[in-house]
Amino acid sequence: MEHTIGWNFDNSYTHLPNIFYTSIQLNPVRSPKLIILNESVAKSLGLNSNALKSEEAVAIFAGNNTPTGGKPIAQAYAGHQFGHFNMLGDGRALLLGEQLTPNHERFDIALKGSGRTPYSRGGDGRATLSPMLREYIISEAMYALGIPTTRSLAVVTTGETILRETELPGAVLTRIASSHLRVGTFQYAANFGSDEELKALADYAFERHFTNVDEAQNRYVTLLQEVIKKQASLIAKWQLVGFIHGVMNTDNMTISGETIDYGPCAFMDTYDPATVFSSIDRQGRYAFGNQPNIGGWNLTRFAESLIPLIHEDQEEAIHIAQETLKQYPQLYYANWLEGMRAKLGLFNAEEQDGELIEELLQLMQQHQADYTNTFIALTFNKFEDSTFFSTNEFKEWHKNWLARLERQQETKDMSQQLMRDHNPAIIPRNHRVEEALEAAVEHGDYSVMERLLEALAQPFAHCKEQQEYATLPTPSNQPYRTFCGT
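Residues numbered from 1 in each chain as written. Predicted model: local features only at pLDDT ≥ 70, side-chain atom pairs only at ≥ 80, totals over all residues. Heavy atoms only, no water.

Draft legend 1. Local environment of the overall build of the chain. In terms of regular secondary structure, the chain is built from 15 helices and 13 strands. In terms of overall dimensions, the chain is globule-like: its C-alpha atoms have a radius of gyration of 23 Å, near the 23 Å expected for 486 residues. The principal-axis extents of the C-alpha atoms in the chain amount to approximately 65 × 60 × 45 Å. Taken over 486 residues, the chain has a buried fraction of 56%. In the chain, of all internal contacts separated by at least 6 residues, the share reaching a separation of at least 24 is 72%. Here the chain carries 40 positive and 60 negative side-chain charges, and the mean point of each set is 3 Å from the other. (Helix = DSSP H or I, 4+ residues; strand = E, 2+ residues; numbered from the N terminus. Rg over C-alpha atoms; globule rule 2.2 N^0.38 Å. Buried < 20%, exposed > 50% of the residue type's maximum accessible area, 1.4 Å probe, protein only. Contact = heavy atoms within 4.5 Å. Lys, Arg positive; Asp, Glu negative; His and termini not counted. Charge placed at Lys NZ, Arg CZ, Asp CG, Glu CD.)

Rendered as structure tokens:
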């Protein structure tokens, strides 16, 4: 059966020096069962969906067997966790190999929750069902929103219970990614490897992700520039939809510019830059409004790792890195401003657009307006659902916005279509995600999750079926909290 699945593995990461990975012996589980399979992802990878439902495929998803051509490894990396540097690595994940697709693309196939590795430290290397399903839901929502992300191919239960605060069902997620190269991978090389090993990693990253980039100058300066561009674009996209990653440690920032590691992430309801959902982020380091600055901080750590490669003279290398890093805040703001203009139906640029946008955001924060639904109300000119729209401050802002729209050549219909295309009707509302997870984990009912995934798959459809998912949660005295654990 396995030959009909369509695996087409390569293992280019294992061509790197041995310090970057450890070969893994699999940790089989008792009785794996397929819970959900992402058939669209399977198709894009050149895999046979029907064959992926077989016992042989499920055994691979569970980490019981290795697919033909696979070489299971755990990757080594380091990283700043809440500002503190630590030696890390794949503590409960393994890389099966890299699938070469019919479109000549390369994707890592990795298992999450597959058992202990040499980097597990005190952990058991396992994962529970709820956070694995959560990553599946959020990563698919991000993909549908047009935000670069790792994706989920499958979730299986293991037939085992995992001890956390209580006994919980075990599960393994199969994740695909353009690569799992992280800022923390480079920090690991710079701190624990030789310059030759660092160079091998940088060359590998460049060849894997930036072969189409013109190398007009130093390759490693170009690498830094390209990663800056990727992250400036990515984080701007996060901000435009109200996504809060929750744990922007340097080991959770990819070189490819994909969102990775959906731990204590969530989407913002009421607009407030200080919003924090993570139970461990007590100081608000990774609050919504801090994400752009943290992106810059992480990129600085990346630049520091590249210093030995940028120039043989360290002072000159530092100067070049500092000058290159100055591009980030400008690129981020340009991406964010362009996205915000689209959310407001603006095709051209005027000098005062930034002020117009900031004034709206300040009013939303002052009146505790919902972020996503405010833009939907503006898109469809429907203001009956919130007292915010009846305030004098909003009416004045609205008048100025309409005047701004009149100063562009495009018609009102064209502006509305632009807004429809950039303001999602649906995001994975936290209470809806929790509702789906509770039904699945506590009652074995996956229909709630399936309906949610179906609605999230076309966030810009603006259809009647999505309206129920736009409703806000019941007010609560207890703030919504998310937890690490994926």
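Draft legend 2. Representation of the packing of aromatic side chains within the structure. Taken as a whole and assessed by the stated rule, the structure comprises 25 aromatic pairs. Seen from their ring centres, Tyr13 and Tyr204 are 5.8 Å apart, and the 85° between their planes marks the pair as edge-to-face. Of this pair, Tyr13 sits in the loop between strand E1 (9-10) and strand E2 (21-23) while Tyr204 is found in helix H5 (residues 195-209), placing the two residues 191 residues apart along the sequence. Comparing Tyr13 with Tyr204, the two get one shared label, buried. Seen in terms of ring centroids, Phe20 and Tyr188 are 6.1 Å apart; in terms of plane orientation they differ by 65°. Their pairing is edge-to-face. With a gap of 168 residues between them, Phe20 in the loop between E1 and E2 and Tyr188 in helix H4 (residues 183-192) connect regions that are remote in the sequence. Comparing Phe20 with Tyr188, the two get one shared label, buried. For the cation-ring pair, Lys343 lies above Phe375, with the distance from its terminal atom to the ring centre recorded as 4.4 Å. (Phe/Tyr/Trp six-rings, centres within 6.5 Å; stacked < 30°, edge-to-face > 60°. Lys NZ or Arg CZ within 6 Å of the ring centre and 35° of its normal.)

Draft legend 3. A look at helix H3 (residues 129-144). Taking 1.5 Å per residue as the helical rise, H3 with its 16 residues ought to reach 22 Å, and the 23 Å between its terminal C-alpha atoms agrees with that figure. Of all 16 residues in H3, 14 are buried, a share of seventy percent or more. Of the residues flanking the end of H3, it is Gly146, one or two places downstream, whose phi is positive at about 85°. (Expected span 1.5 Å × (residues − 1).)

Draft legend 4. Inspection of the nonpolar core at higher detail. By size, the foremost hydrophobic cluster in this structure holds 144 residues, and its most contacted members are Leu52, Leu133, Leu153 and Phe186. Looking at which element gives the most residues to this core, the answer is helix H6 (residues 219-241), with 13 residues. Ignoring sequence-local partners within four residues, the contact set of Leu52 consists of Ile5, Trp7, Leu34, Leu37, Ala42, Leu47, Ala57, Val58, Phe61 and Leu153. (Core = buried A, V, L, I, M, F, W, Y, C linked by side-chain atoms within 4.5 Å.)

Draft legend 5. Representation of the pattern of salt bridges in the model. Scanning all chains against the criterion turns up 28 salt bridges. A salt bridge links Glu140 to Arg151; its shortest N-O distance comes to 2.8 Å. You can see Glu140 sitting in helix H3 and its partner Arg151 sitting in strand E10 (residues 151-163), a full 11 residues away along the chain. The closest approach of N and O atoms between Lys199 and Asp203, which form a salt bridge, is 2.9 Å. Of this pair, Lys199 and Asp203 both sit in helix H5, separated by four residues, roughly a single helical turn. The exposure class assigned to Lys199 is partly exposed, which follows from its relative accessible area of 40%. For Asp203, a relative accessible area of 17% translates into the label buried. In the salt-bridge network here, residues are joined through shared partners; they are Asp10, Glu98, Arg106, Asp108 and Arg208. (Salt bridge = Lys/Arg side-chain N within 4 Å of Asp/Glu carboxyl O.)

Draft legend 6. Quick peek at a nonpolar patch on the surface. Taken together, the side chains of Phe85, Met87 and Phe192 make up a nonpolar region of the molecular surface, amounting to roughly 260 Å² of accessible area. Take Phe85: it is sitting in strand E6 (residues 84-87). (Patch = residues over 30% accessible without salt bridge, like charges linked within 9 Å, V, L, I, M, F, W, Y side chains within 5 Å. Areas by Shrake-Rupley, 256 points an atom, 1.4 Å probe, with all protein chains shown as cover.)

Draft legend 7. How the structure looks around unusual backbone geometry. Positive phi is not limited to glycine here, since Gln368 has a value of about 55°. Looking at the element boundaries, Gln368 is found in the loop between helix H10 (353-366) and helix H11 (371-380). Here Gln368 falls in the exposed class, since its relative accessible area comes to 62%. In this model, His462 sits at a positive phi of 55°, which is unusual for a non-glycine residue. As for its placement among the helices and strands, His462 is situated in the segment after helix H15 (447-456). His462 gets classed as buried once you look at its relative accessible area, which sits at 18%.

Draft legend 8. Spatial organisation of helix H13 (residues 412-422). Of the positions making up H13, those classed as buried are Ser415, Leu418 and Met419. Mapping the buried residues of H13 onto a view down its axis gives an arc of 95°, with all of them on the same face. Those residues of H13 that are buried are in contact with helix H9 (327-343), H11 and helix H12 (392-406). (Arc of directions from axis to C-beta.)

Draft legend 9. Main features of the packing of H5 against helix H7 (residues 291-310). The contact between H5 and H7 brings their axes to 10 Å, and the two run at 105°. Judged by the angle between their axes, H5 and H7 are roughly perpendicular. Contact residues: H5 offers Asp195, Leu198, Lys199 and Ala202, while H7 offers Ser305, Pro308 and Leu309. (Axes fitted to C-alpha atoms, helices over the stretch in contact; angles between N-to-C directions. Parallel < 35°, antiparallel > 145°, perpendicular 65-115°, else oblique.)

Draft legend 10. Examining the side chain of Thr250 more closely. Following the sequence through the fold, Thr250 ends up in the loop between strand E12 (243-244) and strand E13 (266-267). Taking the relative accessible area as the measure of exposure, Thr250 reaches 0% and is therefore buried.

Note that all results are geometric; they support no functional claim without further evidence.
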